[in-house]
Amino acid sequence: MSRSPTDSAAAHVVVVGAGITGLLTAIACARAGHRVTVLERGPLPNPDATSHDQHRAIRTLLPGDPDGTARRIAAHRHWEELETLLGTPLYRRVGVLTAHPADRLDDLLAEADQAGVPVDLPDGRDLPPLGLPPGTVGVRERTGGVLLADRVLRAAVRWLTARPGVALRPHSTVRSVFTGSGRIVLDGGEVLRGDLALLAGGPWTRRLAAAPVTLYRQTMLYLGRPPGGDRWDGAPTAGGLGREGRGWVLPPGAGTLLKLSSDTVCRPVADTDSTGEDQRPHLERLAAEGVLPDLERYPVAGVRVCHYTADAATGGPLLAPVTPGLWTRAACGGSGFSTAPLVAERITEAVKEAA
Ligand SMILES: Cc1cc2nc3c(=O)[nH]c(=O)nc-3n(C[C@H](O)[C@H](O)[C@H](O)COP(=O)(O)OP(=O)(O)OC[C@H]3O[C@@H](n4cnc5c(N)ncnc54)[C@H](O)[C@@H]3O)c2cc1C
């Protein structure tokens, strides 16, 4: 029998930050029958959140990392369930094409087979021109694609708004956290304490609880479709592109633009204030990489700067308890959107463990 937020066994979970991590955690905890309070310093959803963008890539196959692949497969299942729960299309199942060295293709296909991830080798003539590095082959995972990020956030807020036992509190900035007791202090002096709190403030989490993370800044280029026809309808997300094999393209579709980025212009920075930073050198570098060989055909629709944090030691994500009643998503890494359902799942387990 499922619990209701009025059962004495139900816990009170406080979530700081209403990006994808905070919202999906709130949904998972509410579904588990807990009372949930979400504190967000801006509106709901907040356009300044890292999560607020047109699209985010979701992929499953992590070559050489079978455990990671298994976790991504689990995350993928969660997304399918979430799409049904939230009752709106959130996921374009267009697949993910990644450039792989041709001489290691056989190993990759065996790995995909073993993990149960369906892949194929599409004919380049059916795809838009993509800058696959020499000596590589484009391998497409059929299960991945594009999450319509800002639509996910809006749908999650709608679901939570209608859910009994959930308090959504926009314009509620958390000033500090007593890491020993888990007490949360808001601007204005209100003090809150739940049975468990999750600090999910994205790149701003490090202001609330110290953690060994590196802050990165990324410059992204948004493009319209080239005039005179193209082959982008149903095209996959594509990665491993460009001269250095570090470029990504998120395909246009369902009202979204095409988005171009590359790890080569992702740089460590001291803070999230990019005011006055000249983006031209980063855009020039991005353009010179050959991620899209016919880039000059595409009309530029916009440029955006965005931040994320990564574990300073591993370069990946970091979710950890400070105490059993206080957890921090100190770093989301570069795949923190698609893997947010796994954080939500872990936090619902931690609520049980803390009870
Ligand atoms: C350029 C770029 C491309 C990316 N591409 C992908 C991708 O393709 N696939 C993928 O899976 N991931 C991708 N990521 C990573 C992913 O976007 C992030 O990991 C994820 O969105 C982080 O979500 P979050 O909820 O943890 O943080 P955020 O979305 O940043 O949300 C944090 C929220 O906390 C609020 N907040 C902060 N401090 C406080 C406070 N003191 N009090 C109250 N509220 C507060 C903020 O206002 C914000 O709304 C990308 C990241 C970047 C930067």
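If you're wondering where the values come from, they're calculated on a predicted model, not measured in any experiment. (Residues numbered from 1 in each chain as written. Predicted model: local features only at pLDDT ≥ 70, side-chain atom pairs only at ≥ 80, totals over all residues. Heavy atoms only, no water.)

Quick look at the site of the ligand now. The immediate surroundings of the ligand are formed by 36 residues, with T21, E40, T50, S51 and S338 found nearest. Here an oxygen atom of the ligand sits 2.7 Å away from a polar atom, N or O, in the side chain of T50. At a separation of 2.4 Å, an oxygen atom of the ligand approaches a polar side-chain atom of S51. Coverage of the ligand by the protein amounts to 94% of the 1,000 Å² it exposes when considered alone. For the shell around the ligand, the secondary-structure elements that each account for two or more residues are α1 (20–31), β3 (56–58), β14 (213–223) and β19 (300–311). For the shell around the ligand, the element with the most residues is β19, which contributes three residues. (Near = heavy atom within 4 Å. Polar contact = N/O pair within 3.5 Å; in protein donor to acceptor, adjacent residues only side chain to side chain. Areas by Shrake-Rupley, 256 points an atom, 1.4 Å probe, with all protein chains shown as cover. Helix = DSSP H or I, 4+ residues; strand = E, 2+ residues; numbered from the N terminus.)

If you walk through the whole model with that rule in mind, you get 21 salt bridges. Two residues, E80 and R93, come together in a salt bridge whose shortest N-O distance is 3.3 Å. With E80 in helix α2 (residues 66–86) and R93 in the loop between β4 (91–92) and β5 (96–101), this residue pair connects regions lying 13 residues apart in the sequence. Looking at E80, the relative accessible area reads 33%, which means it is partly exposed. (Salt bridge = Lys/Arg side-chain N within 4 Å of Asp/Glu carboxyl O. Buried < 20%, exposed > 50% of the residue type's maximum accessible area, 1.4 Å probe, protein only.)

Our focus in this paragraph is the state of the cysteines. The final tally for this structure, using the stated rule, is zero disulfides. Counting only cysteine sulfurs, C332 is the nearest neighbor of C29, a cysteine outside any disulfide, at a range of 16 Å. Unpaired in this structure, C306 has its nearest cysteine sulfur neighbour in C266, at a distance of 9.9 Å. Relative accessible area serves as the criterion here: at 8%, C306 is assigned to the buried category. (Disulfide = S-S within 2.5 Å.)

Attention now goes to α2. Helix length check: α2, at 21 residues, gives a terminal C-alpha distance of 30 Å against a target of 30 Å (1.5 Å per residue), a fit within 8%. Those residues of α2 that fall on the buried side of the exposure criterion are G68, T69, R72, A74, A75, H76, H78, W79, L82, E83 and L86. Just downstream of α2, G87 is the residue with a positive phi angle, here 70°. (Expected span 1.5 Å × (residues − 1).)

What follows is about the nonpolar core. Core analysis: the largest hydrophobic core is formed by 40 residues, its most contacted members being I20, L24, V36, W79, F337 and I347. Broken down by secondary-structure element, the contributors of at least two residues to this core are β1 (12–16), α1, β2 (35–39), α2, α4 (149–161), β13 (196–199) and α6 (340–354). If you tally residues by element for this core, the top one is α4, at eight residues. Counting 18 residues, the second largest nonpolar core, distinct from the first, contains L127, L241, V249 and L292. (Core = buried A, V, L, I, M, F, W, Y, C linked by side-chain atoms within 4.5 Å.)

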